[in-house]
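Examination of the molecular architecture
Below, each chain spelled out in residue letters.
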Amino acid sequence: MGFHPVEPPAGSGAAVDFTEVQQTEQFRELRKRHRSFVFPMAVFFLLWYFAYVLLADYAHDFMATPVVGNINIGIILGLLQFVSTFVITMWYVSYANRRLDPIAAELRHELEEAAPEAFIDPAGGTK
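So, how was this worked out
- Residues numbered from 1 in each chain as written.
- Predicted model: local features only at pLDDT ≥ 70, side-chain atom pairs only at ≥ 80, totals over all residues.
- Heavy atoms only, no water.
- Helix = DSSP H or I, 4+ residues; strand = E, 2+ residues; numbered from the N terminus.
- Buried < 20%, exposed > 50% of the residue type's maximum accessible area, 1.4 Å probe, protein only.
- Contact = heavy atoms within 4.5 Å.
- Areas by Shrake-Rupley, 256 points an atom, 1.4 Å probe, with all protein chains shown as cover.
- Expected span 1.5 Å × (residues − 1).
- Bend = angle between axes of the 7 residues up to and from the residue.
- Polar contact = N/O pair within 3.5 Å; in protein donor to acceptor, adjacent residues only side chain to side chain.
- Core = buried A, V, L, I, M, F, W, Y, C linked by side-chain atoms within 4.5 Å.
- Salt bridge = Lys/Arg side-chain N within 4 Å of Asp/Glu carboxyl O.
- pLDDT = per-residue confidence, 0-100.
- Patch = residues over 30% accessible without salt bridge, like charges linked within 9 Å, V, L, I, M, F, W, Y side chains within 5 Å.

Here we take up the overall build of the protein chain. What the protein chain contains, in helices and strands, is four helices and two strands. Taken from N to C terminus, the helices and strands of the protein chain fall in the order α-α-α-β-β-α. Looking at the protein chain as a whole, 23% of its 127 residues qualify as buried. The long-range share in the protein chain, meaning contacts at least 24 apart out of those at least 6 apart in sequence, stands at 61%. By element, 65% of the accessible surface of the protein chain is carried by carbon and sulfur atoms, the whole surface being about 9000 Å².

Here you go:
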């Protein structure tokens, strides 16, 4: 989450127990939503990537099949690797903005209200 516990100022007694925060229903939901997107997408992309690599290595004739002029299936699938990377990134950003950021912002707000001293950067400002 990016929160790092710091020693509270002397006498303040304020500190954030991040282990306790991890046990809250809000945090569990945040972690569940994050994992439900990231893990399947990582599996999908790795399968797609390794399929491309294996085709390039073992299916030379297939990958060399001309589509239009000098453009063959290998070039198209290679370019689709880049396209899919950007599509997945945009999809994740959209997903995070809609499904993750509101919960994360609410958690952060609650933690900052409970122990504002824990989020003050020694160099000045807030973390």
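Helix length check: helix α4 (residues 73-114) (42 residues) gives 58 Å between terminal C-alpha atoms against 62 Å at 1.5 Å per residue, within 8%. Along α4, the largest kink reaches about 50° and is centred on Leu100; proline Pro102 follows within four residues of it. One side-chain oxygen of the residue at the start of α4 lies 3.1 Å from the amide nitrogen of Gly74, identifying that residue as Asn72.

Here the focus is the environment of Ala59. Relative to the assigned elements, Ala59 resides in the loop between α2 (25-58) and α3 (60-63). Since its relative accessible area comes to 19%, Ala59 is described here as buried. Along the backbone, Ala59 and Gly74 are 15 residues apart, and their C-alpha atoms lie at a distance of 9.8 Å.

By size, the foremost hydrophobic cluster in this structure holds 18 residues, and its most contacted members are Val16, Val21, Leu30, Leu107, Leu111 and Phe119. Elements represented by at least two residues in this core include exactly α1 (18-22), α2 and α4. At eight residues, α4 tops the list of elements feeding residues into this core.

As a further point, take the pattern of salt bridges. Using the criterion set out here, one finds two salt bridges in the structure. The partner of Arg33 in a salt bridge is Glu29, and the shortest N-O contact between them spans 2.8 Å. A residue pair is termed a helical-turn pair when its members lie 3 or 4 positions apart in one helix, as Arg33 and Glu29 do in helix α2 at four residues. Looking at Glu29, the relative accessible area reads 23%, which means it is partly exposed. Between Glu112 and Arg108 there is a salt bridge, with its nearest N and O atoms 2.8 Å apart. Of this pair, Glu112 and Arg108 both sit in helix α4, four residues apart, which is roughly one turn of that helix. Judged by relative accessible area, Glu112 falls into the partly exposed class, the value being 27%. Taking the relative accessible area as the measure of exposure, Arg108 reaches 24% and is therefore partly exposed.

When pLDDT is averaged along the protein chain, the result is 89, and 87% of the positions lie at 70 or above. Every residue in residues 1-6 is under pLDDT 50, and counting partners more than four places away or in other chains gives 15 contacts.

Looking now at a nonpolar patch on the surface. Where nonpolar side chains cluster on the molecular surface, the patch consists of Val67, Val68, Ile71, Ile75, Ile76, Leu79, Leu80, Phe82, Val83, Phe86, Val87 and Met90 and spans about 1100 Å² of accessible area. Among the elements of the structure, β1 (66-68) and α4 are those that each provide at least two residues to the nonpolar patch. It is α4 that contributes the most residues to the nonpolar patch, nine residues altogether. Relative to the assigned elements, Met90 resides in helix α4.

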